[in-house]
Amino acid sequence: MEQSADHGDAFEQSYRRMEARRRGEERSFLHVQFLRGERVEKERILEERYACRAMERWTSRGCEFKVRNQPFQLPPSGVAATIMQARGLRSQAARFVA
C-alpha cells in the first residue's frame, strides 16, 4: 500500500510541475548532444520546448544524425548560474558542464 501512495505522490508532483511549465512558471532544460554517426557535432543546454524542435530538425537530416539528451538543472547561485541565465551564453555553456 505504501508503494502506491508514494507512486501517487510522485504522479501529483510531476503533474504539478508539468502544469507550471505550461503556464511558464517553471522552466525545464535539457543537455543535448547532436551526433553525426558516433561523433558529437555540437552540445547545447536548451529549454525543453526549444530542444524538442532542435532535435527534430537535426534528426530529420538523415539516419546518421542522432541525438542524446538528459535533464539538466541550472545551478541555483554563483558565477555559473549568472552565465547560464543568459540564453545566448547558456547554449555555449555545455562545454563547462562536467
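Before reading on, note that the structure itself is shown above.
What counts, and where the lines are drawn
- Residues numbered from 1 in each chain as written.
- Predicted model: local features only at pLDDT ≥ 70, side-chain atom pairs only at ≥ 80, totals over all residues.
- Heavy atoms only, no water.
- Helix = DSSP H or I, 4+ residues; strand = E, 2+ residues; numbered from the N terminus.
- Contact = heavy atoms within 4.5 Å.
- Areas by Shrake-Rupley, 256 points an atom, 1.4 Å probe, with all protein chains shown as cover.
- Pairing = 2+ DSSP bridges.
- Axes fitted to C-alpha atoms, helices over the stretch in contact; angles between N-to-C directions.
- Phe/Tyr/Trp six-rings, centres within 6.5 Å; stacked < 30°, edge-to-face > 60°.
- Buried < 20%, exposed > 50% of the residue type's maximum accessible area, 1.4 Å probe, protein only.
- Lys NZ or Arg CZ within 6 Å of the ring centre and 35° of its normal.
- Core = buried A, V, L, I, M, F, W, Y, C linked by side-chain atoms within 4.5 Å.
- Polar contact = N/O pair within 3.5 Å; in protein donor to acceptor, adjacent residues only side chain to side chain.
- Patch = residues over 30% accessible without salt bridge, like charges linked within 9 Å, V, L, I, M, F, W, Y side chains within 5 Å.
- Salt bridge = Lys/Arg side-chain N within 4 Å of Asp/Glu carboxyl O.
- Lys, Arg positive; Asp, Glu negative; His and termini not counted.
- Charge placed at Lys NZ, Arg CZ, Asp CG, Glu CD.

Caption draft 1: Here's a closer look at the overall build of the protein chain. Scanning the protein chain from N- to C-terminus turns up four helices and three strands. Put simply, of all contacts in the protein chain between residues at least 6 apart along the chain, 46% involve residues at least 24 apart. Of the roughly 7500 Å² of accessible surface on the protein chain, a fraction of 50% belongs to carbon and sulfur atoms.

Caption draft 2: Expanded view of the sheet that holds strand E2 (residues 39-47). A sheet is described by the order of its strands in space; here three strands give the open sequence E2-E1-E3, paired in antiparallel fashion. This sheet does not close on itself; its edge strands, each paired only once, are E2 and strand E3 (65-72). Neighbour-to-neighbour, the strand axes of the sheet open up by a mean angle of 20°, direction not taken into account. Alignment of strand E1 (residues 29-36) against E2, held across eight bridges, turns out to be antiparallel.

Caption draft 3: Spatial organisation of the packing of aromatic side chains. Throughout the structure, instances matching the rule amount to three aromatic pairs. Between the aromatic rings of Phe11 and Tyr15, the centroid separation amounts to 6.3 Å while the plane-to-plane angle is 25°, which identifies the pairing as stacked. Note that Phe11 and Tyr15 are positioned in helix H1 (residues 2-23) at a spacing of four residues, about one turn of the helix. Since its relative accessible area comes to 41%, Tyr15 is described here as partly exposed. Among the aromatic residues, those joined into a cluster by ring pairs are Phe34, Trp58 and Phe65. Residue placement shows Lys42 over the ring face of Phe34; its charged tip is 5.1 Å from the ring centre.

Caption draft 4: Spotlight on the nonpolar core. Counting nine residues, the largest nonpolar core consists of Leu30, Val32, Phe34, Leu46, Ala51, Ala54, Met55, Trp58 and Phe65. When contributions to this core are tallied by element, the ones reaching two or more residues are E1 and helix H2 (48-59). At four residues, H2 tops the list of elements feeding residues into this core. In this structure Met55 touches Leu30, Val32, Phe34, Val67 and Asn69, once residues within four positions along its chain are discounted. Judged by nonpolar contacts, the second largest core, of five residues, contains Phe29, Ile45, Leu74 and Met84.

Caption draft 5: View of the side chain of His31. Relative to the helices and strands, His31 resides in strand E1. In this structure His31 comes out as buried when scored by relative accessible area, which is 8%. One polar contact links His31 to Glu43, side chain to side chain, over a distance of 2.7 Å.

Caption draft 6: Quick look at a positive patch on the surface. Residues Lys42, Arg53, Arg57 and Arg61 make up a contiguous surface patch of positive charge. As for its placement among the helices and strands, Arg57 is situated in helix H2.

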